[in-house]
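Residue strings, one per chain:
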Amino acid sequence: MNFLDKIEIKGKKLLVRVDYNVPLKDGVIQDDHRIRASLDTLNYALDQGAALIICSHLGRPTDKREPEFSLKPAAVRLSELLGREVKMASDCIGSEVRATVQALAPGQVLMLENLRYHAGEKANDPEFSKQLAALADVYVNDAFAVAHRAHASVVGVTEFAPASCGGFLLKKEWAFLGQSLADPEWPYVAISGGAKISTKMDILNALLDKADEIIIGGAMANTFILAIGNSVGRSLVEKQRVSDAAALLEKASQKGVKIHLPTDLTLGQGIDSPASSGVCRFDAIPEDSMALDIGPETIAQFKTVLTHAKTVMWNGPMGAFENPAYAQGSLELARIVAGLDHALTIVGGGDTNVVIKAESLSDKFSFISTGGGSFMSFMEGKELPAFKALKEGTK
Ligand code: ADP
Ligand code: MG
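First, a word on what this report is: a plain description of the structure on this page. These figures come from a predicted structure and were not determined experimentally.

1. Some thoughts on the site of ligand 1
Around ligand 1 there are 22 residues in total, and Lys200, Ala291, Glu322, Asp351 and Thr352 lie nearest to it. One of the backbone nitrogen or oxygen atoms of Ala195 is found 3.1 Å away from an oxygen atom of ligand 1. Here a nitrogen atom of ligand 1 and a backbone polar atom of Ala291 are 3.0 Å apart. For ligand 1, the cavity whose grid points lie within 2 Å of the majority of its atoms is the second largest pocket. Top element by residues in the shell around ligand 1 is helix α14 (residues 350-358). It accounts for three residues. Its residues placed into classes, the shell around ligand 1 shows 10 nonpolar, eight polar and four charged.

As structure tokens, this is what we get:
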């Protein structure tokens, strides 16, 4: 697969697929980190003397051109961050856009309008893909967040673009998830938590081939506690996944992968109940209670497991952290992983990110993935459509 630094781009027009799916409120961007994340790629390309045509989706517009999904606010913010003008196109394909692109000189930046104003984007329509590809000399994918989507601006476009490559954000994700975690330095300890139990069961299965030890917390752990013959009271659990959990434990023991489950849990009456109702052992969860966080003994136990790790991958909070009464386990774990100075530490997942940000620990990890669904797919061991398309487009 090619990345931007391997391609001659001086004087060329680049179609750069970014992820500017930013949160907006009354037309104001609430968080611009996705725009900032693209700056390395964009500044490099501008320094090299390329002209940039930037494209992204934003939200989920219907086939009508709903103005609240316009990328105009992103263009304004990008212009501030780049310190140069960013022209806003009226659409992402069509004769008017073609004319604007034609006139684009090196060093100039044009932002195309929301790709999802056209049904062809999500349908990976060849005609739409062709029109996008025709705008530029080189297609650059720097949108890892949509790398698991077979959409026109991610996949179809590579069939028609004269040349295709990944940008620097994509390269970083590839290096950490595709290389560091594919061939990890041992011991490799993976931490799995959160609530998307079905999806994450597939990740756990894939991890059995890579990790030396796996820590399981959050609502994920409840399914396992049930699988080893205990009651979990009213805790969040996926009953139809209990046999899978049992099978996974069996497979782990055959492969010599150690699985660490919580030994104590913090209880509550509900996710919103303002105070916890104490701590219990994993085999003594009362029938009328919910396990909403890992307990203090478990935190200490997980810390010991992590101390000697050389590689750590963490996805999923240890409890219902949105409520301060059940946030302790996740916050402590964030501090513990952040403090592992001699390990490569990789984090992924939307909610896990929220935990890290809340503790201002973002710069204490080796790498934080920008993907949600794409991170999950990658961890499940699936080949992402974006990477497949770039590889095939490279030929
Ligand atoms: P990520 O986005 O990092 O991949 P998930 O979306 O899988 O993580 O899980 C995060 C959610 O899991 C949070 O909303 C949190 O409240 C919930 N959660 C974690 N542990 C528990 C628990 N024991 N009981 C109920 N909800 C939990
Ligand atoms: Mg989540």
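2. Some remarks on helix α12 (residues 296-307)
For α12, which comprises 12 residues, the first-to-last C-alpha distance of 17 Å matches the rise-based estimate of 16 Å (1.5 Å per residue) to within 8%. Those residues of α12 not exposed but buried are Thr298, Ile299, Phe302, Val305 and Leu306. Within α12, the buried residues cover an arc of 120° as seen down the axis, which keeps them to one side. In α12, those exposed residues whose orientation departs by more than 90 degrees from the buried face are Pro296 and Thr304.

3. Thoughts on the nonpolar core
Core analysis: the biggest nonpolar cluster contains 65 residues, and Leu15, Ile53, Leu112, Leu204, Leu207, Ile214 and Phe224 have the highest contact counts within it. If you tally residues by element for this core, the top one is helix α9 (residues 197-207), at five residues. Here Ile214 is in contact with Ala190, Leu204, Leu207, Leu208, Val257, Lys258, Ile259 and His260, once residues within four sequence places are set aside. If you look at the next biggest cluster of nonpolar residues, it comprises 30 residues, including Val18, Ile35, Leu39 and Leu52.

4. Focus: the pattern of salt bridges
All told, the structure shown has 17 salt bridges when counted by the stated rule. A salt bridge links Arg77 to Asp32; its shortest N-O distance comes to 2.8 Å. On the criterion of sequence distance, the pair formed by Arg77 in helix α3 (residues 72-82) and Asp32 in the loop between β3 (28-29) and α1 (33-36) is long-range, its members being 45 residues apart. Across the pair Asp283 and Arg281 runs a salt bridge, and its minimum N-O distance is 3.3 Å. In the salt-bridge network here, residues are joined through shared partners; they are Asp32, Arg36, Arg77 and Glu80.

5. Here we look at the pairing of strand β4 (residues 51-55)
Burial of β4 is extensive: five of the five residues sit out of reach of the surface. The alternating pattern of β4 places Ala51, Ile53 and Cys55 on one face and Leu52 and Ile54 on the opposite face, and all of these are buried. Across five bridges, strand β1 (residues 13-17) lies against β4 in parallel orientation. Of the residues in β4, the one forming a bridge with Lys13 is Ala51. In terms of strand pairing, β4 meets strand β6 (residues 109-111) through three bridges, oriented parallel. What sits directly across from Ile54, in β6, is Met111.

Cut-off values and rules
- Residues numbered from 1 in each chain as written.
- Chains lettered and ligands numbered in written order.
- Predicted model: local features only at pLDDT ≥ 70, side-chain atom pairs only at ≥ 80, totals over all residues.
- Heavy atoms only, no water.
- Near = heavy atom within 4 Å.
- Polar contact = N/O pair within 3.5 Å; in protein donor to acceptor, adjacent residues only side chain to side chain.
- 1 Å grid on protein atoms, 1.4 Å probe; cavity = no way out; pocket = protein on both sides within 12 Å on 5 of 7 lines; lining within 4 Å.
- Sits in = over half its atoms within 2 Å of the grid points.
- Helix = DSSP H or I, 4+ residues; strand = E, 2+ residues; numbered from the N terminus.
- Nonpolar A, V, L, I, M, F, W, Y, C, P; charged D, E, K, R; others polar.
- Expected span 1.5 Å × (residues − 1).
- Buried < 20%, exposed > 50% of the residue type's maximum accessible area, 1.4 Å probe, protein only.
- Arc of directions from axis to C-beta.
- Core = buried A, V, L, I, M, F, W, Y, C linked by side-chain atoms within 4.5 Å.
- Contact = heavy atoms within 4.5 Å.
- Salt bridge = Lys/Arg side-chain N within 4 Å of Asp/Glu carboxyl O.
- Pairing = 2+ DSSP bridges.

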